[in-house]
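Residues per chain, in single letters:
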Amino acid sequence: MDRRGRRFSRGMLPLLAFNVLNEYYRLERKPPVTAGLLAANTLIYLRPSILESIIPDIDEVWFNAFLTVKNRDLKRFLLSPFYHLGESHLVYNMLSLLWKGIQLEASMGSVKFASMVTSLLVLSQGITLLLAKGLLMFFDYDRAYYSEYSAGFSGVLFAMKVVLNSQSDNYSYVQGILVPTRYAAWAELILIQLFVPGVSFLG
């Protein structure tokens with residue numbers, strides 16, 4: 001990262017670009033909404049100088065339940081999913097988005113897919129906010145959730161995974177445990193929280 005906040009690749013972004021180009025090359029119909037989401041997330045991370053004046057700094061937008069409620073800050077609420085804290089964070093999420101987005105957009109159509117992503121973004125952010133506020137109100141538990149900062153597309157990707165899995169009648173192994181595929185995402189989330197307690201359950 002330079003002094004103006006612009007970032008440079010450490011080697012993982014070419015891997016992302018290769019995977020995106022390879023997937024889109026082999027597809028007869030190129031999913032435009034998925035491509036737009038990939039481009040938006042990547043451009044916001046890279047902050048090219050031509051867009052620097054219109055892309056807010058991460059300090060202005062990353063998600064914080066306390067500040068969102070106190071200031072009624074829709075910018076934090078809506079934009080924080082498009083910001084990532086490092087190259088590995090971005091690339092991991094975008095590879096996941098590439099795989100899930102192509103499948104869902106191909107099956108639903110671009111308009112319905114775009115509408116679903118918008119709804120999932122608002123719902124995932126809203127649920128995170130309500131859970132953090134609820135933990136504060138009923139358990140006085142603010143340090144880990146209500147006052148923490150977070151960013152990234154992970155909440156939307158988890159919701160997309162739930163949608164994908166809900167269409168399956170098969171079974172999957174999650175950490176060696178056989179569960180119905182439609183519940184695999186939830187089982188994985190619970191197991192991660194049990195075995196890696198330092199991971200935030202809210203986001």
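Before any of the text, the structure's been laid out above.
Since we're looking at a predicted model, the values are computed, not measured.

### As for the nonpolar core
Core analysis: the biggest nonpolar cluster contains 33 residues, and Tyr-83, Leu-97, Phe-153 and Met-160 have the highest contact counts within it. Elements represented by at least two residues in this core include exactly helix H1 (12-26), helix H2 (32-46), helix H3 (58-61), helix H6 (87-108), helix H7 (110-139) and helix H9 (154-166). Among all residues touching Phe-153, those that are not within four sequence positions of it are Leu-37, Asn-41, Pro-81, Phe-82, His-84, Asn-93, Met-94, Leu-97 and Val-117. The next biggest cluster of nonpolar side chains, apart from the first, holds six residues, and it includes Phe-63, Ala-65, Leu-129 and Ala-132.

### Description of the packing of H1 against H6
Contact pair H1 / H6: the axes reach a minimum separation of 9 Å and the direction vectors enclose 10°. When the interaxial angle is binned, H1 and H6 end up roughly parallel. Two secondary-structure elements touch here, H1 through Met-12, Leu-13, Leu-16, Asn-19, Val-20, Glu-23 and Tyr-24 and H6 through Glu-87, Ser-88, Leu-90, Val-91, Met-94, Leu-95, Leu-98 and Ile-102. By residue class, the composition of the contact of H1 with H6 is 11 nonpolar, two polar and two charged.

### Overview of the environment of Glu-60
Within the secondary structure layout, Glu-60 lies in helix H3. Taking relative accessible area as the criterion, Glu-60 reaches 38% and is therefore assigned partly exposed. Each C-alpha atom, one on Glu-60 and one on Asp-73, is 9.9 Å from the other, the two residues being 13 residues apart in sequence. Setting aside residues up to four positions removed in sequence, Glu-60 forms contacts with Asp-73, Lys-75 and Arg-76.

### Description of the pattern of salt bridges
Counted under the stated rule, the structure contains three salt bridges. Across the pair Glu-23 and Arg-26 runs a salt bridge whose closest N-O atoms are separated by 2.6 Å. Highlighted residues: Glu-23 and Arg-26, both in helix H1, separated by three residues, approximately one helical turn. Residue class for Arg-26 comes out exposed when judged on its relative accessible area of 55%. A salt bridge links Lys-75 to Glu-60, with the shortest nitrogen-to-oxygen separation between them at 3.4 Å. In this pair, Lys-75 sits in helix H5 (residues 74-79) while Glu-60 sits in helix H3, placing the two residues 15 residues apart along the sequence.

### A short note on the packing of aromatic side chains
Going through the model one piece at a time under the given rule, you end up with two aromatic pairs. Relative to Tyr-149, the ring of Trp-62 has its centre 5.1 Å away and its plane inclined at 35°; by these criteria the two rings are tilted. Residue Trp-62 is located in the loop between H3 and helix H4 (65-71), and its partner Tyr-149 is located in the loop between helix H8 (142-146) and H9; the two are separated by 87 residues in the primary sequence. Take Trp-62: its relative accessible area is 23%, and that puts it in the partly exposed class. On the accessibility criterion, Tyr-149 (42% relative accessible area) is partly exposed. Note on Phe-82 and Phe-153: the rings are 5.6 Å apart at their centroids and 50° apart in plane angle, and the pair reads as tilted. With a gap of 71 residues between them, Phe-82 in the loop between H5 and H6 and Phe-153 in the loop between H8 and H9 connect regions that are remote in the sequence. Note on accessibility: Phe-82 and Phe-153 belong to one class, buried.

Definitions and limits used
- Residues numbered from 1 in each chain as written.
- Predicted model: local features only at pLDDT ≥ 70, side-chain atom pairs only at ≥ 80, totals over all residues.
- Heavy atoms only, no water.
- Core = buried A, V, L, I, M, F, W, Y, C linked by side-chain atoms within 4.5 Å.
- Buried < 20%, exposed > 50% of the residue type's maximum accessible area, 1.4 Å probe, protein only.
- Helix = DSSP H or I, 4+ residues; strand = E, 2+ residues; numbered from the N terminus.
- Contact = heavy atoms within 4.5 Å.
- Axes fitted to C-alpha atoms, helices over the stretch in contact; angles between N-to-C directions.
- Parallel < 35°, antiparallel > 145°, perpendicular 65-115°, else oblique.
- Nonpolar A, V, L, I, M, F, W, Y, C, P; charged D, E, K, R; others polar.
- Salt bridge = Lys/Arg side-chain N within 4 Å of Asp/Glu carboxyl O.
- Phe/Tyr/Trp six-rings, centres within 6.5 Å; stacked < 30°, edge-to-face > 60°.

Spatial relationships are all this shows, so hold off on functional conclusions.
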